[in-house]
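Overview (structure and organization)
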Amino acid sequence: MNRIVILGAGTAGTMMAVKLRRALEPEDWSITVVDQDNEHLYQPGLLFVPFGLYTKRDLFKPRTRFIPPGVDFVLSEVDAIDVDLQAVKLKDGTALAYDWLIIATGARISPSDTAGMLGEGWRKNVFDFYTPDGALALSRKLREFRGGRLLINMVEMPIKCPVAPMEFAFLADAYFTEQGIRQDVEMAYATPLTGAFTKQRCSDALSYLLTSRGIRLETQFNTGEVDGGAGKLSSYDGRELEFDLLVTIPTHRGAEAIARSGLGNELDFVPTDKHTLQSKASERVFVIGDATDLTSSKAGSVAHFQADVLLENVLRAIGGRPPLPHFDGHANCFIETGHGKAILIDFNYDVEPTHGRFPLPGIGPLKLLEESEANHWGKLAFRSVYWNLLLRGADLSAIGPQMSMAGKWS
Amino acid sequence: MSTATIAGHAVSVDADGFMTDPQQWTPEIATVIAASVGLSLTERHWKVIEFCRRDAADKGEPPGLRRIAQGAEIPVKELYQLFPKGPGILAAKVSGLTKPKSCV
């Protein structure tokens, strides 16, 4: 019996379990998925929690509901991976030997990487919304918020869903407007980048969204320290921003097990070939989703596109053939802009977000790089697509893994 | 891309003054580039430069700030004192490396 082990049963790991189980004979291949809990978190939903649009029960389903029959699910924390022995050591002391390993351990926030972030202000006037607890705590805070200085801050790249901090800003603007207190809230957005968006084309096309909503932009702000007590955020170059409420997107890191295994870079992300998704440490190891060190966005859509490429490459590797360099960094994402509208963007390693229609060239129904109500409904409908189609490995053939320029223009 | 003469050497540079071929770099060039942005290089600067060049030769791209801090064993705060405003960008420039791309 040949053995495939998948670490992580999030978006990427679950999709790979489904696809590989379909592709490989159960008599010849065992597939084992390991995760430390049985709660699959719908991460795109976190953005809506602070505004009371989603509650905790909208976010979770059991992981096992999406693990297909014929795949073993092991509930345990991973201690470490030994690529020489081709084995994964689990926290419960057992070891899983593998012929092929897929690392899908994701990314997590690491607030302790910033001085003072976990100090007296944490979850009092300093919040994250990238964890369920953080998003829920923030929703309670926003309910009692009557006005003051709201500072939104991204500490450093890479982060999951790079547009989420901007979406938070737009939704907050809409929320305060609905509450009738927008005139009492001073909003600012501090980023280490040179513009609001990580993609230059987006910053050019979409910077009006910030100015038209009265959100001040502070660029090249490299966060050095948070002082919750004094309500001050300071940068390494000595700038200080004052806040009554700080919503921060902390530094992200890969899984602790990656660090313990000595397989990570300086942020515990796994060095990975950007086109084949093979790990640089071992040809028996592939990496997918947020766990990689790639410059592609850390987002579910990217994991979805990677999954098709990775399936092909794992099957090739099993057959003794070299992997193909078919991953092009393709990502697409909805950007909520508030007031019932959203923008959709589509890009890859080399092509900046374009104008056009998506997913059908010329037809859409969704418009790229433009605000529309249809895009907003697309974003809300995505939750159902995620649970019912994406995780179950449905053929979303209108959205192929490689970016297509048909019906798009720059 | 254009050619500039720095410390007597003809080197290829991009529109922002970043060298495009790390092989053309010399320590004298680093001193001249540093002076052009108001820096005089100390032993601590050289520690950063040496790490950046070694790492970029290995990885094919200039290291980010966090990587420099870890690899050169110099805290980020001090990197900001050594290379004010943008240590990642300035260190790459002085080290004769291409302009760092911010990751997406």
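Cut-offs and rules
- Residues numbered from 1 in each chain as written.
- Chains lettered and ligands numbered in written order.
- Predicted model: local features only at pLDDT ≥ 70, side-chain atom pairs only at ≥ 80, totals over all residues.
- Heavy atoms only, no water.
- Helix = DSSP H or I, 4+ residues; strand = E, 2+ residues; numbered from the N terminus.
- Contact = heavy atoms within 4.5 Å.
- Areas by Shrake-Rupley, 256 points an atom, 1.4 Å probe, with all protein chains shown as cover.
- Lys, Arg positive; Asp, Glu negative; His and termini not counted.
- Charge placed at Lys NZ, Arg CZ, Asp CG, Glu CD.
- Rg over C-alpha atoms; globule rule 2.2 N^0.38 Å.
- Phe/Tyr/Trp six-rings, centres within 6.5 Å; stacked < 30°, edge-to-face > 60°.
- Buried < 20%, exposed > 50% of the residue type's maximum accessible area, 1.4 Å probe, protein only.
- Lys NZ or Arg CZ within 6 Å of the ring centre and 35° of its normal.
- Core = buried A, V, L, I, M, F, W, Y, C linked by side-chain atoms within 4.5 Å.
- Domains from an automatic or database assignment.
- Buried area = accessible area lost by both parts, 1.4 Å probe.
- Salt bridge = Lys/Arg side-chain N within 4 Å of Asp/Glu carboxyl O.
- Polar contact = N/O pair within 3.5 Å; in protein donor to acceptor, adjacent residues only side chain to side chain.
- Nonpolar A, V, L, I, M, F, W, Y, C, P; charged D, E, K, R; others polar.
- Pairing = 2+ DSSP bridges.
- Axes fitted to C-alpha atoms, helices over the stretch in contact; angles between N-to-C directions.

1. So, the overall build of chain A
The secondary structure content of chain A amounts to seven helices and 25 strands. With respect to the three principal axes, the spread of C-alpha positions in chain A is 65 × 50 × 40 Å. For chain A, restricting intrachain contacts to residue pairs at least 6 apart in sequence, the fraction spanning at least 24 positions comes to 67%. For chain A, the exposed surface amounts to about 16100 Å²; the carbon and sulfur share of it is 49%. Averaging the coordinates of the 42 positive side-chain charges in chain A and doing the same for the 51 negative ones gives two points 4 Å apart.

2. Focus: the overall build of chain B
Check the secondary structure of chain B and you find five helices and two strands. Each helix (α) and strand (β) of chain B, taken in turn from the N terminus, gives the series β-β-α-α-α-α-α. In terms of C-alpha radius of gyration, chain B reaches 13 Å, essentially the compact-globule figure of 13 Å for 104 residues. Each of the three principal axes of chain B carries a C-alpha extent, and together these read 35 × 30 × 20 Å. Looking at chain B alone, contacts between residues at least 24 apart form 48% of all its contacts between residues at least 6 apart. Side chains of chain B give 12 positive and 11 negative charges; the mean places of these two sets differ by 7 Å.

3. Some thoughts on the packing of aromatic side chains
This structure, assessed with the given rule, holds 15 aromatic pairs over all chains. Between the aromatic rings of Phe 129 of chain A and Phe 168 of chain A, the centroid separation amounts to 4.9 Å while the plane-to-plane angle is 20 degrees, which identifies the pairing as stacked. Here Phe 129 of chain A is found in the loop between strand E11 (126–127) and helix H2 (132–144), whereas its partner Phe 168 of chain A is found in helix H3 (residues 164–179), with 39 residues between them in sequence. For Phe 168 of chain A, a relative accessible area of 0% corresponds to the buried category. Three or more aromatic residues link up through ring pairs in this structure, and these residues are Phe 51, Phe 129, Tyr 130, Phe 145, Phe 168, Tyr 175 and Phe 176 of chain A. Against the face of Tyr 349 of chain A rests Lys 274 of chain A, its NZ or CZ located 4.5 Å from the ring centre. In this arrangement the basic side chain of Lys 93 of chain B is found over the ring face of Phe 18 of chain B, its NZ or CZ atom lying 5.2 Å from the centre.

4. Structural notes on unusual backbone geometry
All names here are of chain A. In this structure, Pro 158 follows Met 157 across a cis peptide bond, with omega equal to 0 degrees. Along the chain, the position of Pro 158 falls in the loop between strand E12 (148–154) and H3. Note that the residue after Gly 364, namely Pro 365, is joined by a cis bond; omega there is 15 degrees. By secondary structure assignment, the location of Pro 365 is in strand E24 (residues 364–368). Unlike most non-glycine residues, Gln 220 shows phi in positive territory, near 50 degrees. Structurally, Gln 220 can be placed in the loop between strand E14 (215–218) and strand E15 (223–227). You will see that His 339, though not glycine, has its phi angle at about 55 degrees, which is positive. Structurally, His 339 can be placed in the loop between strand E21 (331–338) and strand E22 (341–347). Among the residues examined, His 339 registers a relative accessible area of 46% and is labelled partly exposed.

5. A word on helix H5 (residues 87–94) of chain B
In an α-helix, one full turn covers 3.6 residues, which means residues spaced three or four apart are oriented alike. Residue and element names in this part refer to chain B. Counting buried positions over the eight residues of H5 gives seven, a clear majority of the element. The complete set of buried residues in H5 reads Pro 87, Gly 88, Leu 90, Ala 91, Ala 92, Lys 93 and Val 94. Packed against the buried residues of H5 are helix H1 (27–36), helix H2 (43–59), helix H3 (65–72) and helix H4 (76–82). Among the residues trailing H5, Gly 96 stands out with phi positive, at a value near 75 degrees.

6. Observations regarding the nonpolar core
By size, the foremost hydrophobic cluster in this structure holds 94 residues, and its most contacted members are Ile 4, Leu 20, Ile 102, Phe 129 and Phe 176 of chain A. In contact with Phe 129 of chain A, not counting residues within four places along its chain, are Leu 46, Leu 47, Pro 50, Gly 134, Ala 135, Leu 138, Ala 164, Pro 165, Phe 168, Val 247 and Ile 249 of chain A. Counting 32 residues, the second largest nonpolar core, distinct from the first, contains Ile 6, Ile 33, Tyr 80 and Leu 97 of chain B.

7. With respect to the domain arrangement of chain A
All names here are of chain A. Taken domain by domain, chain A comprises domain 1 (2–41 + 61–106 + 255–318), domain 2 (111–252) and domain 3 (331–409). Residue-level contacts link 22 residues of domain 1 with 15 residues of domain 3. Buried surface at the junction of domain 1 and domain 3, summed over both partners, amounts to about 1700 Å²; 64% is from carbon and sulfur atoms. Taken together, domain 1 and domain 3 are joined by zero salt bridges. At the junction of domain 1 with domain 3, the criterion picks out six residue pairs in polar contact (both at pLDDT 80 or more). Among the elements of the structure, helix H1 (11–23), strand E3 (39–41) and helix H6 (300–318) are those that each provide at least two residues to the side of domain 1 that touches domain 3.

8. Here's the deal with the interface of chain B and chain A
Taken together, the 10 residues of chain B in the interface contact 20 residues of chain A. Put simply, chain B and chain A have three salt bridges between them. Close ionic contact of Asp 113 of chain A with Arg 66 of chain B constitutes a salt bridge, the shortest N to O distance being 3.5 Å. In this assembly, chain B and chain A are joined by three residue pairs in polar contact (both at pLDDT 80 or more). Elements with a contribution of two residues or more to the side of chain B that touches chain A: H3 and H4 of chain B. Classifying every residue of the side of chain B that touches chain A gives four nonpolar, two polar and four charged.

9. Regarding the sheet that holds E11 of chain A
All names here are of chain A. The parallel open sheet is built from five strands, whose spatial order is E11-E18-E12-E13-E14. Edge positions in the open sheet fall to E11 and E14, since each of these has one partner strand only. Examined bridge by bridge, strand E13 (residues 185–190) and E14 share four bridges and lie parallel to one another. Within the sheet, the bridge partner assigned to Ala 190 lies in E14 and is Glu 218. H3 contacts E12, E13, E14 and strand E18 (245–249) of the sheet and is inclined by roughly 175 degrees relative to E13.

10. Some points on the environment of Thr 194 of chain A
All names here are of chain A. Inspection of the secondary structure assignment puts Thr 194 in the loop between E13 and helix H4 (200–212). Note: C-alpha distance between Thr 194 and Gln 220 (26 residues apart in sequence) is 5.5 Å. Other than its neighbours up to four places away in sequence, Thr 194 contacts Thr 219 and Gln 220.

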